[in-house]
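This is what each chain is made of:
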Amino acid sequence: MRNSKLFLITLLSLPLFSESYYTADKVIIKKSTHMLYLSSGGEIFKKFHISLGQAPIGAKEFEGDMKTPEGRYRLDWRKISSKYNKSIHISYPNQQEKKSAKVMGLNAGGMIMIHGTPLNWGLLPVGNWIPELLDWTEGCIAMNNDDMEEVWNSTQNGTEIVILP
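**Considerations on helix α2 (residues 95-103)**
Since the α-helix turns once every 3.6 residues, residues separated by three or four places project in the same direction.
Move 1: Where α2 begins, one side-chain oxygen reaches toward the backbone nitrogen of Gln96, 3.1 Å away; that side chain belongs to Asn94.
Move 2: At the exit of α2 stands Gly105, carrying a positive phi of roughly 75 degrees.

**Focus on the sheet that holds strand β1 (residues 26-30)**
As a general point, the strands of a sheet are linked pairwise by backbone hydrogen bonds and lie either parallel or antiparallel.
Move 1: Taken in spatial order, the 8 strands make up an open sheet running β3-β2-β1-β8-β4-β5-β6-β7, and their pairing is mixed. Bordering the open sheet on either side are β3 (43-49) and β7 (141-142), each of which pairs with just one other strand.
Move 2: Note: strand β5 (residues 85-90) against strand β6 (residues 113-115), 3 bridges, orientation antiparallel. Looking at the pairing, His89 lines up with Met113 of β6.
Move 3: The strands that helix α4 (residues 145-154) touches are β2 (35-40), β3, β4 (71-81), β5 and β6; relative to β5, the one it contacts most, it runs at about 50 degrees.

**What to know about the pattern of salt bridges**
Move 1: Counted by the stated rule, this structure contains 6 salt bridges.
Move 2: The partner of Asp65 in a salt bridge is Lys60, and the shortest N-O contact between them spans 2.8 Å. Neither Asp65 nor Lys60 differs from the other in exposure class; each is buried.
Move 3: Glu149 is the salt-bridge partner of Lys86, the closest N and O atoms lying 3.0 Å from each other. Here the residue Lys86 occupies a position in strand β5, and Glu149 occupies one in helix α4, the gap between them amounting to 63 residues.
Move 4: Take Lys86: its relative accessible area is 13%, and that puts it in the buried class.

**Let's talk about the side chain of Thr117**
Move 1: Within the element layout of this structure, Thr117 appears in the loop between β6 and α3 (130-133).
Move 2: Residue classification places Thr117 among the buried positions, given a relative accessible area of 8%.
Move 3: With residues near it in sequence (within four places) discarded, Thr117 still touches Lys83, Tyr84, Asn85, Trp136, Met143, Asn144 and Asn145.

**Regarding unusual backbone geometry**
Move 1: At the junction of Tyr92 and Pro93, the peptide bond is cis and its omega measures out at 0 degrees in the coordinates.
Move 2: Topologically, Pro93 is positioned in the loop between β5 and α2.
Move 3: In the Ramachandran plot, His34 falls in the positive-phi region, its phi being about 55 degrees despite a non-glycine side chain.
Move 4: Structurally, His34 can be placed in the loop between β1 and β2.
Move 5: Residue Met66 is not a glycine yet carries a positive backbone phi of 65 degrees.

**Structural notes on the pairing of β4**
Move 1: Sheet topology note: the β4/strand β8 (residues 160-164) ladder contains 4 bridges and is antiparallel. From the neighbouring strand, Gly71 faces β8, where its bridge partner is Ile163.
Move 2: Two elements, β4 and β5, share 6 bridges in a ladder whose sense is antiparallel. Across the sheet, Trp77 pairs through a bridge with His89, a residue of β5.
Move 3: The loop that links β4 with its antiparallel partner β5 comprises 3 residues.

**Notes on the environment of Gly41**
Move 1: Within the secondary structure, Gly41 is located in the loop between β2 and β3.
Move 2: When the C-alpha positions of Gly41 and Thr23 are compared, they lie 9.9 Å apart, and in sequence the two are 18 residues distant.

**Regarding the layout of surface pockets**
To find the voids left in a structure, one rolls a probe of water-molecule size over its atoms.
Move 1: As a volume, the largest pocket reaches approximately 420 Å³.
Move 2: Lining the largest pocket are 20 residues, with Tyr84, Met111, His115, Glu138 and Cys140 positioned closest to its centre.
Move 3: A breakdown of the residues in the lining of the largest pocket according to their chemical character gives 7 nonpolar, 8 polar and 5 charged.

What counts, and where the lines are drawn
Residues numbered from 1 in each chain as written. Predicted model: local features only at pLDDT ≥ 70, side-chain atom pairs only at ≥ 80, totals over all residues. Heavy atoms only, no water. Polar contact = N/O pair within 3.5 Å; in protein donor to acceptor, adjacent residues only side chain to side chain. Helix = DSSP H or I, 4+ residues; strand = E, 2+ residues; numbered from the N terminus. Pairing = 2+ DSSP bridges. Contact = heavy atoms within 4.5 Å. Axes fitted to C-alpha atoms, helices over the stretch in contact; angles between N-to-C directions. Salt bridge = Lys/Arg side-chain N within 4 Å of Asp/Glu carboxyl O. Buried < 20%, exposed > 50% of the residue type's maximum accessible area, 1.4 Å probe, protein only. 1 Å grid on protein atoms, 1.4 Å probe; cavity = no way out; pocket = protein on both sides within 12 Å on 5 of 7 lines; lining within 4 Å. Points joined across faces, edges and corners; volume = space filled by probe spheres on them. Nonpolar A, V, L, I, M, F, W, Y, C, P; charged D, E, K, R; others polar.

Shown next, in the form of C-alpha cells:
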C-alpha cells in the first residue's frame, strides 16, 4: 500500500507536458552561432547545434555558391530521405532573390533543406559528432538525426523560418 501511494504521488508530481510536445510557430536560425531555435508564442523552447553551407558567411546569391540563405521563409514540404534521413524544405528563393541571381546570369537555386546526416555517419570510429563541428553542406542546414527528429515532430508545413546572419 505504501509503495502504491508513493507511486501515485510521484506520478502526480510529473509535468503533464514536456517540451517535445510543443509545436513551433517559428524556427530561428542564427548562422553566426550555428544554432537553430524552436519558438512558440514568442518563447524559445528548444535549441540545437547546426552545420551550414561550406561558405557560411553572407547570404546565398546563386546555386553552387555553398552559402546558406538569410531572410524570412516558410517550411513548405518534407520528405524521408535515403541520403539524409529526414529533410524539410525551406521556401528559398523569394522573388527578389530570383531576380538578383538572374541579373548575374545565374540560377538562385532552390533545394535548401533542414536535414539530418547520412545514416552511416553514426558508424564512424570517432562517432557522429564531427559533422556537427564542420560546415559541410552545399547551403542546407544540417543537424544530427536525433535533433532532426525533434524538429520534424515540432514543426508543420507552413511554419515560418527566419535565417539570421
